[in-house]
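# A closer look at the structure
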Amino acid sequence: MTIRQIFIFLSAIILLLPEISGGAEIHGRVLNERGEPVLHAAVSLDSLEIGAFTNEQGRFLIENIPAGDYLLQVSHIGCLSWNKILSLTTDEHRELLIRLQRDVLKMEEITVVGGVKASELLDSYRPLAVLGNEQLALRPNASLGQATAAIPGVQMLHQGPNVSKPVIRGLSNQRIAIVADGVQLEAQQWSEHHTPELDASAATKIEVIRGPASLLYGGDAIGGVVQVWNAYQNGKIPEAFQGRLRLGFGSNDLSKSADIRLVCGNGKSYMLLNAGAKITDDYAVPGDHSFLIRQAFTAYQQERLHLSAGMKRGETVLRLNLKHYYEKQTLLGEGHWHNSGGGPDGTEPWYHVTGSISSPTQHNTIQLQSSSQTSIGVWNFDLSYQTDHRQGIPEGMKPQIDLKSQTSAGNGRFVYGNENYSGAVGISLRHKANRSLGPETLVPDFQQQNGGLFLFQQMRFGSVKISGGLRLDMQQVQISEQQFSANVTIPAGTKSYGPILSGGLGIVWRPMDSGLAISLNSGTGWRAPTAVERYIYGVHHASWRFEKGDPNLDIEKAWNTELIFRYGKGRFWGEMALWRNELQQFIFPSPTGEFSALSQIPVYEIGGSNARLEGYEISAQLQITNFFSIQAGADGVRGQILENLIDSDGDGAIEPWLPSMPADRLSGGFTLHENHSGASLSLTAQRYSAQKRLAEFENILSNDSDLDGANDQVQPNSHTLLNLLIGIPFKFLTYK
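Source: prediction; values computed, not measured.

## A short note on the packing of aromatic side chains
For the structure on display, the rule yields seven aromatic pairs. Residues Trp379 and Phe414 carry aromatic rings whose centres are separated by 4.4 Å and whose planes lie at 35 degrees to one another, so their mutual orientation is tilted. Highlighted residues: Trp379 in strand 25 (residues 377–394) and Phe414 in strand 26 (residues 401–417), separated in sequence by 35 residues. Residue Trp379 is classed as partly exposed on the basis of its relative accessible area of 38%. Given the relative accessible area of 11%, Phe414 is considered buried. Following the ring pairs from residue to residue traces out a cluster consisting of Trp379, Phe381, Phe414, Tyr416 and Tyr421.

Right under this line is the structure:
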């Protein structure tokens, strides 16, 4: 039996399985203090992971509940949670009238995402998008870049279907802070093929902040923040033994994936096990005569394990997370000469023959979190230790590139306030040590220390809310002496940055009961140049460039301003954002027009130039019925270099555009979702315009995309992507 037949057989079994039902039913209404219906309140039986959302009349319905004792939970943003233990018998129909009280000090529901406090989206002064568990369940094979690519203002930088990362408003790599369960990932993220060391298919929620967020997240958040949650948040402790199994298959690259999640809890303590694996073949691309041809050296392998344990004592929650992540990419290494590293016989120069390069990566994390609620606020503390190990292993050779890093971090945050006045104050400390162990040294050994303090405040005056804050950061880097070749040596030295002041101010005007909100905000961000950008010297295989760093690079600074219009009433939601980001000393690799004398690879120099990014984001959603909705959106980015322009590619024209800018995009689609079973169907279309704004060398690059031995001119044509997603959840184990 083939793999395709097996999946068809399993799908047929799942569709034909009889529904396990005890016949009990819970229905009723949810009202606020004034007796008004509450729209979109979450009503759930936590131990079964089933529930419903209230409609415009505040009504809800949960059917087919097995007989037993359950904790019914009702929650809504800005309200105290309502909890009640219910004993249900077979075929019982229970009607409830629930009144939610407004929360004047709602600390357990606080999530710091672009503001101090999770509030209604109309109140947010920053552009924020949230992908919930139901949306993520539709993409069991998705990478982080694929999972977030449908968000307006977020696109994907990728090499094939597996190697991808988010691009937020034209910025990626080290300019995007990626936070996993409260820990900011510290890894090698300075190339297109360096993927974030996490698996989005394990996430239960992903939050994306678009634009500089240095105020709360420090220097690496100059472009935005992606927060990925897998463990339990905000003091929530499960009260059941639950299991989930996901299997995935991809036809293009013949990918197979599996994910298992087991949770055991009693309301006061819990343990979680989450493990997964994925393996793919080379992916296929269009070739001659429209046939698909396997793109060699694109196979991919991934494994991960997450163990979490937590307990709640009084108003204090302690949580321990242990994570292991492993991936292996296969890259193409074309034949070229090296003047460093030493070949198979240890001599220099040496010739790197054409063949595959294996690039394995391991990332491990230990994290201890605590959260304590008091009468005046919540204290949150987080300690973490991360190791990252990335290698480049040419076929038939020992590792040539061997990079290891160790990062220790500590964060403390106090959140306080009420409905009209709230805030947070925090401190963050971080130490990172990086070593180059391979014979081919791209980056010298270094140690780096970071420290930051921040204060954030929000105040409400009737229909106007003002949010603002300041942050003070310092960074110091100690570089060890490093000899790259017989002629190039980096001396030891220390570089300090700071004190660096950043901040932001936002105003939201929201006329009462109109459904309209207008937000104007402005903020600054910063990023210190990485050791790679300052000191890299050698052939970078994945990008096929000979790269030279600049030890004298200065700090990147950003000044972002945006105007946001939002309207949400009844079954309609719409948002439009207009933004501009002025960048000082923006760091990027520029082609020199020269080629390495030894390897004949294009030479790129890392430099800085003032630049400007500006764009727009539009999105709308209409909930036609409780189970059917339609969506539409559009976004665009313009990135322009403002100085130091040269015709490096010799084509007679100077292209002022920043490299790797995403094309304009239109999107639309619909979603069908059945609340009780969780079954979903989604069809979306994304139309990408032809990218005419290409940087130097981007407009003349060519490659052999179909591997027929002849280079094919790259054409930035417009194209359309269709995505059909079908989700049929099947719970294999629940015990209470």
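Don't stop here, the text continues.
## Notes on a nonpolar patch on the surface
Together, Leu305, Leu307, Leu320, Leu322, Ile366, Leu368, Leu383 and Tyr385 line one region of the surface with nonpolar side chains, adding up to about 660 Å² of accessible area. When contributions to the nonpolar patch are tallied by element, the ones reaching two or more residues are strand 20 (300–313), strand 21 (316–333), strand 24 (355–373) and strand 25. Counting through the fold element by element, Leu320 comes out in strand 21. What makes Leu320 partly exposed here is its relative accessible area of 37%.

## Description of the sheet that holds strand 7 (residues 93–99)
Taking strand neighbours across the sheet as the criterion, the three strands line up as 4-1-7 in an open arrangement whose pairing is mixed. The open sheet has two free edges, formed respectively by strand 4 (59–65) and strand 7, since each of these has just one partner strand. Neighbouring strand axes in the sheet, compared pairwise and without regard to direction, differ in orientation by 15 degrees on average.

## Here we look at the side chain of Lys165
With respect to the element layout, Lys165 can be found in strand 10 (residues 163–168). Here Asn173 takes part through its side chain, which lies 2.6 Å from a polar atom of the side chain of Lys165.

## Considering the environment of Ser609
Along the chain, Ser609 turns up in strand 38 (residues 602–623). Look at Ser609 and you get buried, because its relative accessible area is 3%. Residues Ser609 and Ile641 lie 32 residues apart in sequence; the distance between their C-alpha atoms is 6.9 Å. There is a polar contact of 3.1 Å between the side chain of Ser609 and the backbone oxygen of Glu643.

## Considering unusual backbone geometry
The omega torsion across Gly498 and Pro499 is 5 degrees, close enough to zero to call that bond cis. Among the secondary structure elements, Pro499 is positioned in strand 32 (residues 493–509). A positive phi is found at Asn173, a non-glycine position, where the angle reads about 55 degrees. Inspection of the secondary structure assignment puts Asn173 in the loop between strand 10 and strand 11 (176–180). Phi is positive for Gln585, close to 55 degrees, though the residue is something other than glycine. Examined against the element boundaries, Gln585 turns out to sit in strand 37 (residues 572–595). What makes Gln585 partly exposed here is its relative accessible area of 28%.

## So, the pattern of salt bridges
Throughout the structure, instances matching the rule amount to 20 salt bridges. The residue Arg169 makes a salt bridge to Glu562 at a minimum N-O spacing of 2.9 Å. One end of the pair, Arg169, is in the loop between strand 10 and strand 11; the other, Glu562, is in strand 36 (residues 556–569), with 393 residues separating them in the sequence. Here Arg169 matches Glu562 in class, with each residue buried. A salt bridge links Arg566 to Glu575; its shortest N-O distance comes to 2.7 Å. Each member of the pair Arg566 and Glu575 is classed as buried. Ionic contacts of the salt-bridge type, sharing partners, join the residues Arg169, Arg210, Glu562, Arg566, Glu575 and Glu617 into one network.

## Some words on the pairing of strand 36
Only one face of strand 36 is buried, namely the one carrying Glu556, Ala558, Asn560, Glu562, Ile564, Arg566 and Gly568, since none of Lys557, Trp559, Thr561, Leu563, Phe565, Tyr567 and Lys569 on the opposite face is buried. Relative to strand 36, strand 33 (residues 516–527) is paired through twelve bridges, and the arrangement is antiparallel. In the strand pairing of strand 36, Ile518 is matched with Phe565. One ladder, built from 13 bridges, connects strand 36 with strand 37; its direction is antiparallel.

## Re the sheet that holds strand 12 (residues 183–184)
Here we have five strands laid out as an open sheet, ordered 8-13-14-11-12, and mixed in their pairing. In this open sheet, the two edge strands, each paired with only one partner strand, are strand 8 (128–131) and strand 12.

## A look at the environment of Asn55
Residue placement: Asn55 occurs in the loop between strand 3 (50–53) and strand 4. Considered as a pair, Asn55 and Arg29 are 26 residues apart in the sequence and their alpha carbons are 9.2 Å apart. Excluding residues within four positions of it along the chain, Asn55 makes contact with Val38, Leu39 and Asn626. A polar side-chain atom of Asn55 sits 2.9 Å from the main-chain amide nitrogen of Arg59.

## Topic: the confidence of the model for the chain
In the predicted model, the chain carries a mean pLDDT of 79, and the fraction of residues at 70 or more is 79%. A low-confidence stretch, residues 6–22 (pLDDT under 50), is modelled with 17 contacts involving residues beyond four sequence positions or located in other chains. Low confidence marks residues 701–707, where pLDDT is under 50. Its contacts with residues over four positions away, or in another chain, come to 24 contacts.

## Brief notes about the pairing of strand 27 (residues 421–436)
Here 15 bridges tie strand 26 to strand 27, and the two strands are oriented antiparallel to one another. By the bridge assignment for strand 27, Ser408 is matched with His431. In textbook terms, the turn of a hairpin is the stretch between consecutive antiparallel strands, and for strand 26 and strand 27 this stretch comprises three residues. Where strand 27 lies against strand 28 (residues 446–461), 14 bridges are found, and the strand directions are antiparallel. Counterpart to Lys432 in the pairing with strand 28 is Gln448.

## What to know about the environment of Gln447
Structurally, Gln447 is set in strand 28. As for Gln447 and Arg435, which are separated by twelve residues in sequence, their C-alpha atoms are 8.9 Å apart. Beyond its immediate stretch of four places on either side in the chain, Gln447 contacts His431, Lys432, Ala433, Gln476, Val477 and Gln478. A polar contact of 3.0 Å, which involves the side chain of Gln447, links it to the side chain of His431.

Each value, and the rule that gives it
- Residues numbered from 1 in each chain as written.
- Predicted model: local features only at pLDDT ≥ 70, side-chain atom pairs only at ≥ 80, totals over all residues.
- Heavy atoms only, no water.
- Phe/Tyr/Trp six-rings, centres within 6.5 Å; stacked < 30°, edge-to-face > 60°.
- Helix = DSSP H or I, 4+ residues; strand = E, 2+ residues; numbered from the N terminus.
- Buried < 20%, exposed > 50% of the residue type's maximum accessible area, 1.4 Å probe, protein only.
- Patch = residues over 30% accessible without salt bridge, like charges linked within 9 Å, V, L, I, M, F, W, Y side chains within 5 Å.
- Areas by Shrake-Rupley, 256 points an atom, 1.4 Å probe, with all protein chains shown as cover.
- Salt bridge = Lys/Arg side-chain N within 4 Å of Asp/Glu carboxyl O.
- Pairing = 2+ DSSP bridges.
- Axes fitted to C-alpha atoms, helices over the stretch in contact; angles between N-to-C directions.
- Polar contact = N/O pair within 3.5 Å; in protein donor to acceptor, adjacent residues only side chain to side chain.
- Contact = heavy atoms within 4.5 Å.
- pLDDT = per-residue confidence, 0-100.

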